[in-house]
Each structure stands twice: as structure tokens, then as C-alpha cells.
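Residue strings, one per chain:
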Amino acid sequence: MTEILTPRLILRRWHDDDLIPLSEINGDAEVMRWIGDGSVRDLDETAEDLERMEEEWDEEGFGLFAVELLGSGELIGVVGLSVPEYLPEVMPAVEITWRLGRQYWGQGYASEAAHATLEFALQDRGLDRVVAINRAGNDESENVIRKLGMVAERDTTHPAYGHLLQVHGIDLTEYEA
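All figures in this text were calculated on a predicted structure; none of them were measured in a lab.

### What to know about the overall build of the protein chain
- For the protein chain, the helix and strand inventory stands at five helices and eight strands.
- In sequence order, the protein chain lays out its α and β elements as β-β-α-α-α-β-β-β-α-β-α-β-β.
- On C-alpha atoms alone, the protein chain measures out to a radius of gyration of 15 Å, which is about the 16 Å that the 2.2 N^0.38 rule sets for 177 residues.
- A principal-axis box enclosing the C-alpha atoms of the protein chain has dimensions of 40 × 35 × 35 Å.
- For the protein chain, the residues scored as buried account for 49% of the 177 residues in total.
- Intrachain contacts of the protein chain at a sequence separation of at least 6 include 60% that bridge at least 24 residues.
- Looking at the protein chain as shown, the accessible area adds up to about 8,900 Å², and 46% of this sits on carbon and sulfur atoms.
- Between the averaged position of the 14 positive side-chain charges in the protein chain and that of its 37 negative side-chain charges there is a distance of 5 Å.

### Brief notes about the pattern of salt bridges
- Applying the stated rule across the entire model yields 12 salt bridges.
- Among the ionic pairs, arginine 8 bridges to glutamate 112, the shortest N-O distance being 2.7 Å. Note that arginine 8 is positioned in the loop between strand E1 (3–5) and strand E2 (9–12) and glutamate 112 in helix H4 (residues 109–124), a separation of 104 residues in sequence.
- Exposure remark for glutamate 112: the relative accessible area of 16% places this residue in the buried category.
- Salt-bridge contacts for glutamate 142 lead to arginine 146; the nearest nitrogen and oxygen are separated by 3.6 Å. In this pair, glutamate 142 and arginine 146 both sit in helix H5 (residues 139–147), four residues apart, roughly one turn of the helix.
- One network of salt bridges, with partners in common, ties together Arg12, Asp18 and Glu68.

### A short note on the side chain of aspartate 28
- Mapped onto the secondary structure, aspartate 28 falls in the loop between helix H1 (19–26) and helix H2 (29–32).
- The exposure class of aspartate 28 is buried, given its relative accessible area of 17%.

### What about the confidence of the model for the protein chain?
- Confidence along the protein chain averages 94 in pLDDT terms, with 98% of residues attaining 70 or more.
- Predicted confidence in the protein chain is weakest over helix H3 (residues 43–60), with a mean pLDDT of 94, and strongest over E2, with 98.

### Looking at H5
- Of the residues making up H5, those classed as buried are Ser141, Glu142, Val144 and Ile145. Looking straight down H5, one finds its buried side chains confined to an arc of 160 degrees; they lie on one side. Counted as exposed and oriented over 90 degrees from the buried face of H5: Glu140 and Lys147.
- Looking at the buried side of H5, the elements it contacts are strand E5 (95–100), H4, strand E6 (129–135) and strand E8 (164–171).

Procedures and definitions
- Residues numbered from 1 in each chain as written.
- Predicted model: local features only at pLDDT ≥ 70, side-chain atom pairs only at ≥ 80, totals over all residues.
- Heavy atoms only, no water.
- Helix = DSSP H or I, 4+ residues; strand = E, 2+ residues; numbered from the N terminus.
- Rg over C-alpha atoms; globule rule 2.2 N^0.38 Å.
- Buried < 20%, exposed > 50% of the residue type's maximum accessible area, 1.4 Å probe, protein only.
- Contact = heavy atoms within 4.5 Å.
- Areas by Shrake-Rupley, 256 points an atom, 1.4 Å probe, with all protein chains shown as cover.
- Lys, Arg positive; Asp, Glu negative; His and termini not counted.
- Charge placed at Lys NZ, Arg CZ, Asp CG, Glu CD.
- Salt bridge = Lys/Arg side-chain N within 4 Å of Asp/Glu carboxyl O.
- pLDDT = per-residue confidence, 0-100.
- Arc of directions from axis to C-beta.

Spelled out as C-alpha cells, the structure:
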């Protein structure tokens, strides 16, 4: 089982008891407003998401981690790697992404988890390059992307939803652990 420890977090594979807390995060309109079409997800949709996340781990050797607070064991969100098939113009690519419950924003958890995930991608999984695809206007995610050392590469439009996306990238030669 893949697990990463950071000073305050555990990044791990998914457990059955993660469904309810992840569903609560996915049910928060403020959290979801930057994701996909901005719709919240219910319990059944979250269960389908979890199933897809685990399948990606099995197929790709990477995926989205559950993010747990080291001290309390509380699930605070998602961070990890996925293949952005929804945006064919950047393919082949692996995308780093994150989503935290609102009460955990502004405390550095997203940056801490994303740094560990980027290191996992480039050093443990041997990827040469990682992208981050950010919806324009999501300044909080833009800040995390900058902290990762990723650079803006292009603007594009989401093919299904029509909103402006910003694509950032970093490759192994630019990465500093």
C-alpha cells in the first residue's frame, strides 16, 4: 500500500470509511465551484469517484490519495495524480490536483500535500513531467501551483464547460525537492 508521510499529513490509499467525509467535502458548493462544471456531488457520485480513483491506481500505478491529518486521522481531502483525458491537447500528460474541505483552507495543507505528491511523481514513479490545470480565477490554487515551481505554459478552454483553463508544467530537470 502506497503511503506518504509529511510533517502534518498522511497521504494514503482510500478506505471504506472515507466515503462519508469525502461526500461531505464534495457536497460543499464553495469547495466544488472550481471543479468540473461546479456541481456538488452526492453520496452515490462520491462512491463512483472513489471506485474510479482506485481503478486509476491499479491501471496507472498512481492516483488520487486520501489526505489525512497525522494527529487526528481526520480525512481533510484529496491530492494526487491523474491523466487529464478531458483535455486532449495536453496529452500525453499527468496532472497533479487537490481538493480540501473548506475548514482546512489557508493552513498550508494543500501545498504540503502537493509538494509530497510532486516528489512522488517525479522521483518515485519516474515521471519526466507533471502539469497542473487550473481554472482561471482560482487564485488559491494558483498560489499552490507557484509554490510547486510550476510555470504557465498555455491558456485553453475547457472542452465541455467552456471556462478558461490555465495549464502549468514542471519537468524533472526543473524540480527542486
